[in-house]
Amino acid sequence: MKNQSKIPSLKIDIPSALPTVGDKKTFVGSAMLVLVDTYDISIDPGDEIGWKLDLRRIAGGVEVNGAISGVIELSCYRCLEMFEFPISLTVREHALWLNEEDVDEGDAPASEYMVIDGVLDLEPIIRDVIALSFPARRVCDEACRGLCVKCGANLNVEDCGCETGHIDARLKPLEELKRRMETSGQ
Ligand SMILES: [Zn+2]
Ligand SMILES: [Zn+2]
């Protein structure tokens, strides 16, 4: 990843940060999160999103509690314009410590997150918590008028003047027929 040096390290070395069970430490950082795909977020240097996460070492893992807040840019489903989506989220996760002694083959992991070789990567936790907060219908505004189906103009910005922008093209012949019948009936 480019510019990685400017992003606060999200890979926490647990044995040095939290040497014994019960130890607690707070990690604060910020970044700019850019939406690459529907739920795919890239993390770039910036301060648009900030987090404060309390890590507590517990037997067999690490608890991660805290908050993430800031603004992420999403694109509107109707007009395709970018809009700012403010977030203010609570984090309540835990990661399982994966090592030789602890791994019980018959035990399915109860957590999606893992401490691997003593390292806990906070990035997937931050990414998931944010991606799960996205609204199902991503619109810049409930009143967004979207794009003209005929010419593609953004109807929030301009009135393109296209005729019957809302009528489905497949219904056009029916409209025409109805109009002709009405005219001949007079
Ligand atoms: Zn829109
Ligand atoms: Zn138009």
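Within each chain, residue numbers correspond to sequence positions counted from 1 in written order. Written order decides the labels, with chains lettered from A and ligands numbered from 1. For this predicted model, a pLDDT threshold of at least 70 governs which residues receive local features, and a threshold of 80 or more governs which side-chain atom pairs are given and counted, while totals over whole chains, interfaces and linings are taken from all residues.

### Describing the overall build of the protein chain
- In this description a helix means any DSSP run of H or I spanning at least four residues, a strand means any run of E spanning at least two, and both kinds are numbered starting from the N terminus. A tally of regular secondary structure across the protein chain gives three helices and seven strands.
- Listing each helix as α and each strand as β along the protein chain from the N terminus yields β-α-β-β-β-β-β-β-α-α.
- Here, residues touch in the contact sense if the C-beta positions derived from the backbone fall within 7 Å of one another. Nonlocal contacts in the protein chain, meaning residues at least 24 apart in sequence, comprise 53% of its contacts between residues at least 6 apart.

### Remarks on the nonpolar core
- Each nonpolar core reported here comprises buried Ala, Val, Leu, Ile, Met, Phe, Trp, Tyr and Cys residues connected via C-beta atoms within 7 Å. Exposure criterion: with C-beta atoms placed from backbone coordinates, a residue whose C-beta has 20 or more other C-beta atoms within 10 Å is buried, one with 12 or fewer is exposed, and one in between is partly exposed. Val62, Leu120 and Ile126 are the most contacted members of the largest nonpolar core, which totals 21 residues.
- Looking at this core, the elements with two or more residues in it are strand E2 (24-35), strand E3 (41-58), strand E4 (61-75), strand E5 (82-98) and helix H2 (123-131).
- Per-element accounting of this core gives the leading share, five residues, to E3.
- The residues contacting Leu120, other than those within four sequence positions of it, are Ile12, Ile14, Val62, Ala95 and Val115.

### Quick notes on the pairing of strand E6 (residues 113-116)
- Bridge analysis of E5 against E6 gives four bridges, and the strand direction is parallel. What sits directly across from Ala95, in E6, is Tyr113.
- Note on pairing: DSSP must find at least two bridges between two strands before they are called paired. Pairing of E6 with strand E7 (residues 119-121), which is carried by two bridges, proceeds in the antiparallel orientation. Directly across from Ile116, in E7, lies its bridge partner Val119.
- Hairpin connection of E6 to E7: two residues between the antiparallel strands, including Asp117 at a positive phi of 55°.

### Points about the environment of Gly118
- Along the polypeptide, Gly118 turns up in the loop between E6 and E7.
- In sequence terms Gly118 and Asp13 are 105 residues apart; their C-alpha atoms lie 5.9 Å from each other.
- Other than its neighbours up to four places away in sequence, Gly118 contacts Asp13, Ile14 and Pro15.

### Regarding the confidence of the model for the protein chain
- Confidence scores here are pLDDT values: one per residue, from the predictor, ranging 0 to 100. With 81% of its residues at a pLDDT of 70 or more, the protein chain shows a mean pLDDT of 84.
- Under a pLDDT of 50 for its full length, residues 1-5 has, in the predicted model, two contacts with residues more than four places off or in other chains.

### Concerning the pairing of E3
- Here E2 pairs with E3 via 12 bridges, running antiparallel. Looking at E3, one finds that Lys24 is bridged to Arg56.
- From the end of E2 to the start of E3, which pair antiparallel, there are five residues.
- Two strands pair when backbone bridges link them, and E3 and E4 are joined in this way by 10 bridges, in the antiparallel orientation. In the strand pairing of E4, Gly50 is matched with Ser69.
- Linking E3 to E4, which pair antiparallel, is a turn of two residues; within it Gly60 sits at a positive phi near 80°.

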